[in-house]
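So the chains spell out like this:
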Amino acid sequence: MTRITRAVIPAAGLGTRFLPMTRSMPKEMLPVGRKPVIQYVVEMAVDAGITECLIITGRGKRAVEDYFDRSDIAENEENARLDALIDRLDIYFVRQKSPRGLWDALRYAEPFASGEPFVVLLGDTFTRPSCLPPLIEAYQRHRVSAIAVQPVPEELLDRYGVVEATPCGRGELRITDLVEKPDPRKAPSNLAVLGAYLLTPSIFPALARTRPGRNGEIQLTDALREAAEAGRLVGVVASGRRYDIGEPMSWLLANIELGLADPKTREAVQGLLEELGAGKGGALLQDRSPLIR
Ligand code: G1P
């Protein structure tokens with residue numbers, strides 16, 4: 001069994017959906033509960049056995065680097081927990097020369113990957129529960145790249161990569177094709193690429209061969225097509241709720257879920273929801289179909 005120990009976390013995006021907040025702070029540092037979103041992403045990685053993270057930053061993102069230095073103030077429980085997290089992994093940073101999207105960010109990861117399969121997690125997005133363990137298991141079973149997907153309402157399909165796939169058991173799919181941000185009427189399915197990937201190093205030469213696609217930009221989705229056509233790409237249907245914190249609505253909902261999950265704040269959040277007439281509080285969140293926006 002190949003141990004998957006490396007994660008690449010692109011975190012250079014401008015965060016325009018969360019202006020004006022992101023004029024002076026990286027979107028990855030937006031707080032969810034009592035931690036910035038990027039900590040949830042790193043925790044997802046570490047909990048899945050990752051011991052080395054490459055965070056791809058850029059202009060205006062220095063706060064992300066400073067955050068992952070030890071601070072050694074143990075009196076604050078949350079602070080001590082972050083120090084303990086930092087001790088469990090090595091974190092590397094590389095600056096993307098300009099924020100040119102996922103494909104360009106990934107090119108900086110080639111030396112880090114060292115010819116081994118690796119995980120890619122977006123620096124502003126996490127799922128609860130984590131979608132990473134099933135992704136790693138799918139790789140171990142099939143020995144090919146694996147990507148997390150989730151059904152989304154038709155009108156939102158043009159925001160995502162969308163896959164054409166056939167089920168192959170255990171919530172896994174054999175992906176036969178994928179299209180970046182399709183016209184919803186022509187989308188091959190309602191299964192969107194969530195932004196969590198387990199990639200084999202063959203992605204690097206594939207990216208180098210990929211020509212500009214959607215919006216005149218090179219797309220990771222297009223580079224993955226080669227693997228799909230060769231029958232070497234598996235999809236894993238993620239069952240968790242996905243929070244894309246760079247998007248204000250998703251940020252707000254994540255704060256409610258995390259506020260309800262934290263024993264220190266649960267009662268107050270629940271009380272407020274009831275007082276405001278939501279009444280159903282936790283049930284409202286639990287009953288929701290998987291969120292992807
Ligand atoms: C990227 C990917 C897309 C994926 C999405 C998930 O798009 O290109 O395939 O569905 O992330 O968030 P972006 O959000 O960078 O436009």
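Here goes a summary of the coordinates provided. As the structure is a computational prediction, the values presented were derived from the model and not from experiment. (Residues numbered from 1 in each chain as written. Predicted model: local features only at pLDDT ≥ 70, side-chain atom pairs only at ≥ 80, totals over all residues. Heavy atoms only, no water.)

The next subject is the pairing of strand β4 (residues 52–57). Among the 6 residues of β4, 6 are classified as buried, and the element is accordingly described as predominantly covered. Covered by surrounding structure in β4 are Glu52, Leu54 and Ile56 together with Cys53, Ile55 and Thr57, the residues of both alternating faces. Where strand β1 (residues 6–10) and β4 come together, 5 bridges link them in parallel fashion. Bridging across to β4, Val8 finds its partner in Leu54. In the sheet, β4 pairs with strand β5 (residues 90–95) via 6 bridges, with the strands oriented parallel. Bridge pairing in β5 places Leu54 opposite Tyr92. (Buried < 20%, exposed > 50% of the residue type's maximum accessible area, 1.4 Å probe, protein only. Helix = DSSP H or I, 4+ residues; strand = E, 2+ residues; numbered from the N terminus. Pairing = 2+ DSSP bridges.)

Moving on: the environment of Asp262. The topology assignment puts Asp262 in the loop between α9 (248–261) and α10 (266–275). Residues Asp262 and Glu164, spaced 98 residues apart in sequence, show a C-alpha to C-alpha distance of 38 Å. A distance of 2.8 Å separates a polar atom in the side chain of Asp262 from the backbone nitrogen of Lys264. (Polar contact = N/O pair within 3.5 Å; in protein donor to acceptor, adjacent residues only side chain to side chain.)

This brings us to the site of the ligand. The full set of residues close to the ligand is Leu122, Tyr160, Gly161, Glu180, Lys181, Val193, Leu194, Tyr197, Gln219, Thr221 and Arg242. Contacts to the ligand include Lys181, whose side-chain N or O atom sits 2.6 Å from an oxygen atom. Take Val193: an N or O atom from its main chain is 2.6 Å from an oxygen atom of the ligand. Relative to its unbound accessible area of 380 Å², the ligand is 73% covered by the protein chains. With respect to the pocket detection grid, the ligand is positioned in the largest pocket. Ranked by the residues each element gives to the shell around the ligand, the list is headed by strand β11 (residues 191–199), at 3 residues. Classifying every residue of the shell around the ligand gives 5 nonpolar, 3 polar and 3 charged. (Near = heavy atom within 4 Å. Areas by Shrake-Rupley, 256 points an atom, 1.4 Å probe, with all protein chains shown as cover. 1 Å grid on protein atoms, 1.4 Å probe; cavity = no way out; pocket = protein on both sides within 12 Å on 5 of 7 lines; lining within 4 Å. Sits in = over half its atoms within 2 Å of the grid points. Nonpolar A, V, L, I, M, F, W, Y, C, P; charged D, E, K, R; others polar.)

Let us now look at helix α8 (residues 220–229). Note on helix geometry: an α-helix contains 3.6 residues per turn, so any two residues three or four positions apart are oriented the same way. The element α8 is largely enclosed, with a buried count of 7 among its 10 residues. Among the residues of α8, those classed as buried are Leu220, Thr221, Asp222, Ala223, Leu224, Ala227 and Ala228.

Its location among the elements puts Glu226 in helix α8. C-alpha separation for the pair Glu226 and Leu207, spaced 19 residues apart in sequence, amounts to 9.7 Å.

Tallying each qualifying case throughout the model produces 23 salt bridges. One salt bridge connects Arg17 with Asp124, and the closest N-O pair in it is separated by 3.9 Å. Linking Arg17 in the loop between β1 and β2 (31–32) with Asp124 in the loop between β6 (118–121) and β7 (125–128), this pair joins segments that are 107 residues apart in sequence. By relative accessible area, which is 6% here, Asp124 ends up buried. With a shortest N-O distance of 3.5 Å, Arg100 and Asp104 are connected by a salt bridge. A relative accessible area of 1% means that Asp104 is categorised as buried. (Salt bridge = Lys/Arg side-chain N within 4 Å of Asp/Glu carboxyl O.)

By themselves, these observations are geometric and do not establish any function.
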